[in-house]
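What follows is each chain in one-letter form.
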Amino acid sequence: MKEDDALEDFARREITLNGISKIVYVSGNGASGPAVIVMPELPGISPHVARFSRWVRDAGFTVYMPSLFGRDGAIPSAEEGAAIFQKVCVSAEFRAFAANQSSPVTQWLRALARLAHQECGGPGVGAIGMCLTGNFALSMMLEPAMLAAVMSQPSLPFNDPAGLEIAPQELAAVRERLEREDLTVLAYRFEGDKFCRAQRFEAYAQALGDRFKGRVLPDNAANSDVPAFFAKHVTTPHSVVTVHLIDEAGQPTVAARDEILSFFVQRLASETTDLVR
């Protein structure tokens, strides 16, 4: 996957929430399919992120893929990707280096979850965050419509391996809700990931108890044929369900993808909502 993706099978919508407008790419079953929000990883909505969104859509969901940074559908050069990273790090919307704080953009994302639930119906909404956006799915659990949160290689804060990018009072509220409603949060990382280390999963496990279900994949399960930005700047296995996924039967990354899709089905499909949490 080394060519730009035109995203032609997605409806490009400009959505204004809380007085802030963003482009959101929507694809799926509309009002007949529950919503899942797929948040991009750095350096943006790549063809690999779009591929994952299509897998979610094809599992029976309506995908909402917000554009938060980068060029939509593009595979940027290593230099362009680095420039996007630097821009994100100084953006007021993100707390790239601050532990115990929630990025302001999560408020907009919670509003998007409410809108998606209104538009699509069903028991509730799912969300997956990746890398920079990894923890956002957890923060979104403060929205009652959110029922299924997945964190893939949550990488913030960048400078504190054990830090959690969420305000303590929000984290406490999320844990209380998870316990009250018997919900769980899935999380994924590669064993040798330098951006999402073991200390972070240990901190999540301590904060959320058995409501946190962390999965650690071996480094040798990662795809090695990666775009220029990853080859130069992401030198360890990192992106579990996108760039480093090996799309072959029996691969650990495919098993992780399928577990995520099953999790969304179990939590969001009306006929199976009460079977597995």
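In case you missed it, the structure is sitting above this.
Sequence positions are assigned chain by chain, starting from 1 and proceeding in written order. Whole-chain, interface and lining totals are the exception, using all residues; otherwise, since this is a predicted model, local features are given only for residues with pLDDT of at least 70 and side-chain atom pairs are given and counted only at 80 or more. The basis for every side-chain value is the complete set of non-hydrogen atoms in the structure, without hydrogens or water.

Here we come to the overall build of the protein chain. Secondary structure counts use DSSP, requiring at least four H or I residues in a row for a helix and at least two E residues in a row for a strand, with both numbered from the N terminus. Within the protein chain, the secondary structure is distributed over eight helices and eight strands. Atoms counted for the radius of gyration: C-alpha only. Globule rule: 2.2 Å times the number of residues to the power 0.38. Relative to the compact-globule value of 19 Å for 277 residues, the protein chain shows a C-alpha radius of gyration of 17 Å, a close match. Counting only C-alpha atoms, the protein chain reaches 45 × 45 × 40 Å along its principal axes. Looking at the 277 residues of the protein chain, the share that counts as buried comes to 58%. Long-range pairs, those at least 24 residues apart, make up 73% of the contacts in the protein chain with a sequence separation of at least 6. Only carbon and sulfur atoms are counted for the fraction: they give 48% of the accessible area of the protein chain, which is about 10,800 Å². Relative accessibility decides the category of a residue: with a 1.4 Å probe and only protein chains considered, values under 20% of the type maximum give buried, values over 50% give exposed, and everything between is partly exposed. In what follows, a contact means two residues having at least one pair of non-hydrogen atoms within 4.5 Å. Using a 1.4 Å probe, the Shrake-Rupley method yields the accessible areas, and only the shown protein chains count as cover for residues.

A separate point is the side chain of R177. Relative to the assigned elements, R177 resides in helix α5 (residues 168-180). Identification of polar contacts relies on pairs of N or O atoms within 3.5 Å, with a donor-acceptor requirement for protein atoms, meaning one able to donate a hydrogen and the other able to accept it, and with residues adjacent in sequence counted only if both atoms are side-chain atoms. Here M141 takes part through its backbone oxygen, which lies 2.9 Å from a polar atom of the side chain of R177.

Before going further, it helps to spend a moment on the environment of R200. As for its placement among the helices and strands, R200 is situated in helix α6 (residues 198-208). In this structure, the C-alpha to C-alpha distance between R200 and S155, residues 45 residues apart in sequence, is 8.5 Å. If sequence neighbours within four positions are ignored, R200 has contacts with P154, S155, L156, P157, D160, P161, A162, G163, L164 and F195. Within the structure, the side chain of R200 is placed 3.5 Å from the backbone oxygen of L156, a separation counted as a polar contact.

A word on the sheet that holds strand β6 (residues 146-152). Note on pairing: two strands pair once DSSP finds at least 2 bridges between them. Taken in spatial order, the eight strands line up as β1-β2-β4-β3-β5-β6-β7-β8 in an open sheet, and their pairing is mixed. The strands lining the two open edges of the sheet, one partner per strand, are β1 (11-17) and β8 (212-217). Taken pair by pair, the neighbouring strands of this sheet meet at an average axis angle of 20°, ignoring direction. The strands touched by helix α8 (residues 252-268) within the sheet are β3 (35-38), β5 (125-130), β6, β7 (185-190) and β8, with β6 carrying the most contacts at an inclination of about 165°. Note on geometry: axes are lines fitted to C-alpha atoms, helical ones only across the stretch in contact, with angles between N-to-C directions running from 0 to 180 degrees.

This part is about the layout of surface pockets. Buried and open spaces are told apart on a 1 Å grid over the protein atoms alone, a cavity being a set of points where a 1.4 Å probe fits but cannot get out and a pocket being an open set with protein on both sides within 12 Å along at least five of seven lines. Residues with an atom within 4 Å of a point are the lining residues. Grid points are joined across faces, edges and corners, and a volume is the space filled by probe spheres set on the points. For the largest pocket, the calculated volume is near 170 Å³. What lines the largest pocket is a set of 13 residues, and nearest its centre among them are F85, F195, F229, H233 and V234. For the lining of the largest pocket, the elements supplying multiple residues, two or more each, are α2 (78-89) and α7 (228-233). Looking at which element gives the most residues to the lining of the largest pocket, the answer is α7, with three residues. Only Asp, Glu, Lys and Arg are considered charged in this grouping, and only Ala, Val, Leu, Ile, Met, Phe, Trp, Tyr, Cys and Pro are considered nonpolar; every other residue, Gly among them, is considered polar. Residues belonging to the lining of the largest pocket are distributed by class as follows: nine nonpolar, three polar and one charged.

What follows is about the packing of helix α1 (residues 47-58) against α8. α8 packs onto α1 with a crossing angle of 45° between their chain directions and a minimal axis gap of 10 Å. It follows that α1 is oblique to α8 by the angle criterion. Viewed along their axes, α1 and α8 form a crossing whose handedness is right-handed. On α8, the residues that touch F52, W55 and V56 of α1 are R257, I260 and L261. Classifying every residue of the contact of α1 with α8 by side-chain character gives five nonpolar, no polar and one charged. With respect to orientation, any angle under 35 degrees is reported as roughly parallel, any angle over 145 as roughly antiparallel, any angle of 65 to 115 as roughly perpendicular, and every other angle as oblique. Handedness of a crossing follows from how the near helix is turned relative to the far one, being left-handed for an anticlockwise turn of less than a right angle and right-handed for a clockwise one.

A separate point is the packing of α5 against α6. In contact at an axis separation of 10 Å, α5 and α6 are set at 60° when each is read in the N-to-C sense. On α6, the residues that touch L171, R175 and L178 of α5 are Q206, A207 and L208. A per-class count over the contact of α5 with α6 returns four nonpolar, one polar and one charged.

So, about the pairing of β1. Sheet topology note: the β1/strand β2 (residues 20-27) ladder contains seven bridges and is antiparallel. In the sheet register, L17 faces β2, and the bridge partner there is I20. Here β1 folds back onto β2 in antiparallel fashion, the turn holding two residues, of which N18 has a positive phi close to 55°.

With an omega dihedral of 10°, the bond running from L42 to P43 counts as a cis peptide bond. Here P43 shows up in the loop between β3 and α1. In this structure, the amide linkage connecting L156 to the following residue, P157, adopts the cis form with an omega of -5°. Among the structural elements, P157 can be located in the loop between β6 and α5. Phi is positive for L7, which is not a glycine, with a value near 55°. Positionally, L7 belongs in the segment before β1. Its identity is not glycine, yet N100 carries a phi of approximately 65°, on the positive side. Within the element layout of this structure, N100 appears in the loop between α2 and α3 (105-120).

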